[in-house]
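# Residue-level structural notes
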Amino acid sequence: MFKKGIIFSLIFALLLTGVSMVLTPVEVSADDTVNFGYVEWPGVTVKTAVASRILEDIGYETESTSYMQQVLFQGMKSGDVDAFLGTWLPTMEVNYRQYHDDGVVEEVAVNLSGNEVSYSTAVPEYVYEAGVTSMADLHEHADKFDSTIYGIEPGNDGNIIIQDAIDQGTYNLGDWEMMASSTAGMLAEVNKATSQEEWIAFNGWEPHWMNVAYDIRYLDDPENIWGEDDKVLTVVRSGYGEEQPNVYRFLEQFVIDAEIQNEWIYEYGQEEREPANVAEEWVANNLDLVIEYLEGVESADGQPAAEVIQEVYN
């Protein structure tokens, strides 16, 4: 089930007030509860719900709690978060790398990659056709963009990338503003602008339903501020594989293609269905693929997981 993490809200409040807090790893007892952390992005929200549904069907209890990125990785350090399915690199390097290098987290699998995975600055098709095809073109049309690039939640790496470009004057963006909001808030601005064919620049990514709902294009990035070779990782807290080898093996094999994730995001983000309902329906209708995820995995009570899940849905 999905719930808010009270303790980590307190930690985040301390971080905001400048109070330092050093968290050290704690002893974590191995049990059958899998504690997922997620950030409230459509893709990882539904992906976490699908993984939870599969694990619950084979006898494990799960808890899924939403956090800000920085607080989530602190939770992995303290042992309160076991797994995160949405580490998007290279854009999350700022918040992620120190925990990886310190041995707090372990990379399990690349669960989404390829040409259909990207995160960068986007504009509507009509703006692109008008000649804004690169980040370097933005400053020439500052008035039309109101010198603003729209982002998502405060602290998101994409926002940080754009704010750093503004602070350093990259692409002559020194007088521009990064407008932080939320995914829903940003896309409301995109919807408003595109309905009137006004100019807007924003943080866009795929897979996401925005690529279906709106005609958008991603700008070239000659200074490479956004990085390249985007991929999404499944990560667990260090040592989790030894505690829960069957869950770990499932997470290793839980690899999604962009077409599937686009379907999930559309059902959740556009059709406004509950993640748990999207997950249950998808698992029931895609048992052949789910069985591949469960190859060699045992249920919580030691039975072949593939056989157990077939009994659930047959």
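Just above, that's the structure.
In what follows, the accompanying structure is described.

The rules behind the values
Counting from 1, residues in each chain are numbered in the order their sequence is written. Residues qualify for local features only when their pLDDT is at least 70, as the model is predicted, and side-chain atom pairs are given and counted only at 80 or more; totals for whole chains, interfaces and linings, by contrast, use all residues. Based on all heavy atoms of the structure, the side-chain values leave hydrogens and waters out of the count. By this definition, two strands are paired if DSSP reports at least two bridges between them. Under the DSSP-based scheme used, a helix requires at least four consecutive residues in state H or I and a strand at least two consecutive residues in state E, with every element numbered from the N terminus. The angle between two axes is taken between their N-to-C directions and runs from 0 to 180 degrees, where each axis is a line fitted to C-alpha atoms and a helix contributes only its stretch in contact. By the convention used here, residues are in contact when the closest approach between their heavy atoms is within 4.5 Å. In what follows, roughly perpendicular refers to angles from 65 to 115 degrees, roughly parallel to angles under 35, roughly antiparallel to angles over 145, and oblique to any angle outside these ranges. Note on convention: near helix rotated counterclockwise from far helix by under a right angle means a left-handed crossing. Clockwise means right-handed. Three residue categories are used. Nonpolar comprises Ala, Val, Leu, Ile, Met, Phe, Trp, Tyr, Cys and Pro, charged comprises Asp, Glu, Lys and Arg, and polar comprises the others, including Gly. A side-chain nitrogen of Lys or Arg and a carboxyl oxygen of Asp or Glu constitute a salt bridge if their distance falls within 4 Å. With a 1.4 Å probe rolled over the protein chains alone, any residue whose accessible area is under 20% of its type maximum counts as buried; one over 50% counts as exposed, and the rest are partly exposed. In the analysis that follows, any N or O atom pair within 3.5 Å is treated as a polar contact, provided that within protein one partner can donate a hydrogen and the other can accept it, and provided that, for residues neighboring in sequence, both atoms belong to side chains.

With mixed pairing, the five strands of this open sheet are ordered in space as S8-S7-S9-S6-S10. The open sheet has two edge strands with one neighbour each: strand S8 (177–179) and strand S10 (216–218). Each strand of the sheet is rotated relative to its neighbour by a mean of 40°, with strand direction disregarded. Of the strand pairs in this sheet, strand S6 (residues 118–124) and strand S9 (residues 201–206) are connected by five bridges, and their pairing is antiparallel. Residue pairing across strands places Tyr-119 opposite Trp-205, the latter belonging to S9. With respect to the sheet, helix H7 (residues 157–168) is in contact with S6, strand S7 (148–150), S8 and S9, its orientation differing from that of S8 by roughly 165°. Its contacts with the sheet place helix H8 (residues 183–195) against S6, S7 and S9, and it is angled at close to 115° to S9.

Take the packing of helix H2 (residues 42–57) against helix H13 (residues 275–285) next. The N-to-C vectors of H2 and H13 enclose an angle of 55°; their axes lie 8 Å apart at closest approach. On the basis of their axis angle, the class for H2 and H13 is oblique. Along this stretch, H2 crosses H13, giving a crossing that reads as right-handed. Packed against H2, whose contacting residues are Thr-45, Val-46, Ala-49, Val-50, Arg-53, Ile-54 and Asp-57, the element H13 presents Pro-275, Ala-276, Val-278, Ala-279, Glu-280, Trp-282 and Val-283 at the interface. Classifying every residue of the contact of H2 with H13 gives ten nonpolar, one polar and three charged.

Counted according to the given criterion, the structure contains eight salt bridges. Between Glu-93 and Arg-97 there is a salt bridge, with its nearest N and O atoms 2.8 Å apart. Of this pair, Glu-93 and Arg-97 are both found in helix H4 (residues 93–101), four residues apart, which corresponds to roughly one turn of the helix. Residue class for Glu-93 comes out partly exposed when judged on its relative accessible area of 27%. One connected set of salt bridges, linked through shared partners, spans Arg-53, Glu-56 and Asp-57.

Further remarks concern the side chain of Ser-64. On the secondary structure map, Ser-64 appears in strand S3 (residues 61–66). A distance of 3.4 Å separates the side chain of Ser-64 from the side chain of Ser-52, its partner in a polar contact.

Note that Trp-41 resides in the loop between strand S2 (33–38) and H2. Between the C-alpha atom of Trp-41 and that of Ser-66, which follows or precedes it by 25 residues, the distance is 9.7 Å. If sequence neighbours within four positions are ignored, Trp-41 has contacts with Gln-69, Gly-86, Met-92, Ile-152, Glu-153, Asn-156 and Thr-183. Separated by 2.9 Å, the side chains of Trp-41 and Glu-153 make a polar contact.

A separate point is unusual backbone geometry. A cis amide bond, omega 10°, links Leu-89 with the succeeding residue Pro-90. Residue position: Pro-90 is located in the loop between strand S4 (83–89) and H4. A cis amide bond links Glu-206 with the next residue in sequence, Pro-207, at an omega value of 10°. Tracing the backbone shows Pro-207 in the loop between S9 and helix H9 (210–213). For Asp-146, which is not glycine, the phi torsion reads 55° and is therefore positive. Within the element layout of this structure, Asp-146 appears in the loop between helix H6 (142–145) and S7. Positive phi values are uncommon outside glycine, yet Ser-147 reaches one of about 50°. If you trace the backbone, Ser-147 turns up in the loop between H6 and S7.

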